[in-house]
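In case you want the letters, here they are:
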Amino acid sequence: MDFIDLKAQQERIRASLDKRIAKVLDHGGYILGPEVQELESKLNNYCGTKFCLSCANGTDALLMPLLAMGIGPNDVILAPAFTFFATAEVIGLLGAKTLFVDVDPKTFNITNKTLEAAMEMLSKKHPGLKARGLISVNLFGLPADYDSIGKFCQKYNLFCLEDAAQSFGSSYHGRKSCSLASISATSFFPAKPLGCYGDGGAVFCDDEDLYLKLKSIRVHGQGQSKYHNERLGLNARLDTIQAAVLLEKLTIFDEELDLRNNVAARYTEQLRDLVKSGFIQTPIIPEHCISSWAQYTLIVKNRDGLIQHLNKSDIPTMIYYVVPMHLQEAFKDLGYIKGDLPNSEMLSDSVVSIPMHPYLTLSDQDKIIAGIRAFYT
Ligand SMILES: *Cc1c(COP(=O)(O)O)cnc(C)c1O
C-alpha cells in the first residue's frame, strides 16, 4: 500500500497529459510559455482572486511576498510552531525574527488565543523589535480561523500571509483558500493536494502594486526590460511543462477533493468509538470549513506501538511533524526551550498521519481502519 498514490491519478489522465506536454515540446516555450499564463488565469478563477503569480515552489511563494514588503533584520514575523520548516525558514533567511505561535490541539492551527499569548511574549523574546506580520498556516488542508485572524492583524497592524501550501482547494465560509488573507502562497509539490511533476508554487493577491513587485522579484528583480534590474530578486519561475501538467490536473481536481473528503468521512465514522474510548482523536473540521485533506492526522496514545503494528500489516504512516519549529536546531538562536509552546510539543509527540489520497480503495481503507482498531481493542 502507498502512503500517497500518484500513479492511479496519472493512469486516469495520461493520454491528455501526454498531449499537453507534447504541445509544450512542439512550441518550445519552456520558460514562461503560454501555459503559464493560462494556468495563472485559471487559478485566479478557481480561488476568486485578482492576481496569481506562479513560481518555482511553495517556499519561494512565501519568500517573495516577504521580499516585496522589505522584511529584514529589524522585523518580527509571527508563525506557528507546528508546521513544515519552510514557513519559518523564509523569515530567518531574510534575517528577520520569528515569534512562534502555539496551535490549537483540535484544529492544529493558530487561534486568536494563541496569537494573543504570543504577542504577550514579544517584548521579552525580541526586545526593541516590532511585529510586522503573520504567516498563518492551514495545516493538513484545514483553513485557520481567518475572521479572528483578520481582527488580530488589524489590532496590531500586521499583514497576514496565508501559507496555503497544504490547503489549495479547501474553503472557509464558502471562500476558497488562497483568497483568505491579503497575500497567499501555495505549493504544487507532487504530494500536495494539487501537485505537479516537480516543484511548483503560486502567490495570490488582490493588490496590483504588490503583484507587479512579485513579478519583478520572480525574475531577478527585473525592471522595464530584461537587463534593467530595479531590485534584488530570485530565479523563481514555474516551468512551462509543470504549468501544462497542472492545467490537466486541475480538470479533475474538484472531483478528487470530493474523493478525499469521502475517505476522510469514512475514517472518521469508522474510528468514532476509539475516539469515545479516548485512544485516539480524529481530525475536527469546523462546520464552516471544507478541508483539502493534505493529510489525515490522528492524535494517538502509544504512537510507536501503533506505527509498528500498522507497519507489520504493510500500512504506511508518516509523522508530520516530529520536531516543532521552536525546538529546531536551526532556530536555536531564538532561545526557545521545551515547555514554551506545550500544544505544539504535545502534537509532535503524539500525531501520526495515515494514507490519504483520492484513489485509496475501499479495501485499503478497511485494512487501515481494521489495523488501527485491532491495536486498541
Ligand atoms: C510544502 C510546504 C511548504 C513549502 O512548499 P515547497 O513547494 O515544498 O517549497 C511551505 N509550507 C507548508 C506548510 C508546506 O506544507
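The preceding data block contains the structure.
Residues numbered from 1 in each chain as written. Predicted model: local features only at pLDDT ≥ 70, side-chain atom pairs only at ≥ 80, totals over all residues. Heavy atoms only, no water.

Asker: Run through helix 9 (residues 240–250), naming residues and quoting values.
Answerer: Burial of helix 9 is extensive: ten of the eleven residues sit out of reach of the surface. Taken residue by residue, helix 9 has Thr240, Gln242, Ala243, Ala244, Val245, Leu246, Leu247, Glu248, Lys249 and Leu250 as its buried positions. (Buried < 20%, exposed > 50% of the residue type's maximum accessible area, 1.4 Å probe, protein only. Helix = DSSP H or I, 4+ residues; strand = E, 2+ residues; numbered from the N terminus.)

Asker: Can you explain empty space enclosed by the protein? Please cite residues and give values.
Answerer: One pass over the full model with this rule turns up three cavities of 30 Å³ or more. Empty space within the largest cavity amounts to approximately 110 Å³. What lines the largest cavity is a set of 16 residues, among which Leu6, Gln9, Lys192, Pro193 and Arg260 lie closest to the centre. Elements that contribute at least two residues to the lining of the largest cavity include exactly helix 1 (6–27) and helix 10 (253–270). (1 Å grid on protein atoms, 1.4 Å probe; cavity = no way out; pocket = protein on both sides within 12 Å on 5 of 7 lines; lining within 4 Å. Points joined across faces, edges and corners; volume = space filled by probe spheres on them.)

Asker: Before we move on, could you go through the sheet that holds strand 5 (residues 159–163) and cite the residues and values that matter?
Answerer: Sheet architecture is open: seven strands sit in the order 1-9-8-5-4-2-3, paired in mixed fashion. Where the open sheet ends on each side, the last strands, each with one partner, are strand 1 (51–55) and strand 3 (97–101). Within this sheet the neighbouring strands show an average axis-to-axis angle of 20°, counted without direction. Pairing between strand 2 (residues 75–80) and strand 4 (residues 130–137): four bridges, direction parallel. Each bridged residue has a counterpart across the sheet, and for Leu78 the counterpart in strand 4 is Leu134. Lying over the sheet, helix 8 (residues 208–218) contacts strand 1, strand 8 (183–187) and strand 9 (201–205), oriented at roughly 15° with respect to strand 1. (Pairing = 2+ DSSP bridges. Axes fitted to C-alpha atoms, helices over the stretch in contact; angles between N-to-C directions. Contact = heavy atoms within 4.5 Å.)

Asker: So what about the site of the ligand? Which residues, and what values?
Answerer: Around the ligand, the surrounding shell holds 15 residues, and the nearest of these are Gly58, Thr59, Gln166, Ser187 and Lys192. In the environment of the ligand, an oxygen atom lies 2.6 Å from a nitrogen or oxygen atom belonging to the side chain of Ser187. Between the ligand and Lys192, the relevant distance is 2.7 Å, taken from an oxygen atom to a side-chain nitrogen or oxygen of the residue. Compared with its free state, where it exposes 380 Å², the ligand has 93% of that area covered by protein. Under a 2 Å grid-point criterion requiring more than half of the atoms, the pocket assigned to the ligand is the largest pocket. Listed by contribution, the elements that provide at least two residues to the shell around the ligand are helix 3 (58–68) and helix 4 (86–93). Among the residues making up the shell around the ligand, the classes are represented as five nonpolar, eight polar and two charged. (Near = heavy atom within 4 Å. Polar contact = N/O pair within 3.5 Å; in protein donor to acceptor, adjacent residues only side chain to side chain. Areas by Shrake-Rupley, 256 points an atom, 1.4 Å probe, with all protein chains shown as cover. Sits in = over half its atoms within 2 Å of the grid points. Nonpolar A, V, L, I, M, F, W, Y, C, P; charged D, E, K, R; others polar.)

Asker: An account of the environment of Met64 is requested, with residue identities and associated values reported.
Answerer: In this fold, Met64 is placed in helix 3. Residue classification places Met64 among the buried residues on the basis of a relative accessible area of 0%. For Met64 and Asp364, which are 300 residues apart along the polypeptide, the C-alpha to C-alpha distance reads 41 Å. Filtering out sequence-adjacent residues up to four positions away, Met64 remains in contact with Leu53, Cys55, Val203, Leu214, Ile217, Arg218, Leu234 and Ala236.

Asker: Go over the layout of surface pockets with me, naming the residues and quoting the values.
Answerer: Empty pockets left among the atoms are what a rolling probe the size of a water molecule brings to light. Computed from the structure, the largest pocket encloses a volume of approximately 490 Å³. Along the walls of the largest pocket sit 26 residues, with Phe84, Gln166, Ser187, Phe189 and Lys192 positioned nearest its centre. When residues of the lining of the largest pocket are traced back to their parent elements, those giving at least two are helix 3 and helix 4. Taken together, the residues that form the lining of the largest pocket break down as 14 nonpolar, nine polar and three charged. In this structure, the second largest pocket encloses a volume near 280 Å³. For the second largest pocket, the lining is made up of 18 residues, of which Asp102, Thr114, Ala117, Asp340 and Leu341 are closest to its centre. Counting only elements with at least two residues in the lining of the second largest pocket, the list comes to strand 3, helix 5 (112–120) and helix 6 (122–125). Class assignment of the residues belonging to the lining of the second largest pocket gives a composition of nine nonpolar, three polar and six charged.

Asker: Go over the packing of aromatic side chains with me, naming the residues and quoting the values.
Answerer: Tallied over the entire structure, the rule returns 22 aromatic pairs. Summarising the aromatic geometry, the rings of Phe82 and Phe108 are spaced 6.3 Å apart at their centres and angled 40° between planes, so their arrangement reads as tilted. Of this pair, Phe82 sits in the loop between strand 2 and helix 4 while Phe108 is found in the loop between strand 3 and helix 5, placing the two residues 26 residues apart along the sequence. Note on Phe108: relative accessible area 6%, which makes it buried. Arranged with centres 5.1 Å apart and planes meeting at 25°, the rings of Phe279 and Tyr376 form a pair that is stacked. Linking Phe279 in the loop between helix 11 (272–276) and strand 10 (280–281) with Tyr376 in helix 14 (residues 362–376), this pair joins segments that are 97 residues apart in sequence. Classification of Phe279 as partly exposed rests on a relative accessible area of 29%. Taking relative accessible area as the criterion, Tyr376 reaches 10% and is therefore assigned buried. The ring of Tyr336 has Lys125 sitting right over it, with the charged end atom 4.1 Å from the ring centre. (Phe/Tyr/Trp six-rings, centres within 6.5 Å; stacked < 30°, edge-to-face > 60°. Lys NZ or Arg CZ within 6 Å of the ring centre and 35° of its normal.)

Asker: So what about the pairing of strand 8? Which residues, and what values?
Answerer: Of all five residues in strand 8, five are buried, a share of seventy percent or more. Relative to strand 8, strand 5 runs parallel, the two sharing three bridges. Pairing of Glu162 across the sheet is with Ser184, part of strand 8. Relative to strand 9, strand 8 is paired through five bridges, and the arrangement is antiparallel. Bridged to Ser187 within strand 9 is Gly201.

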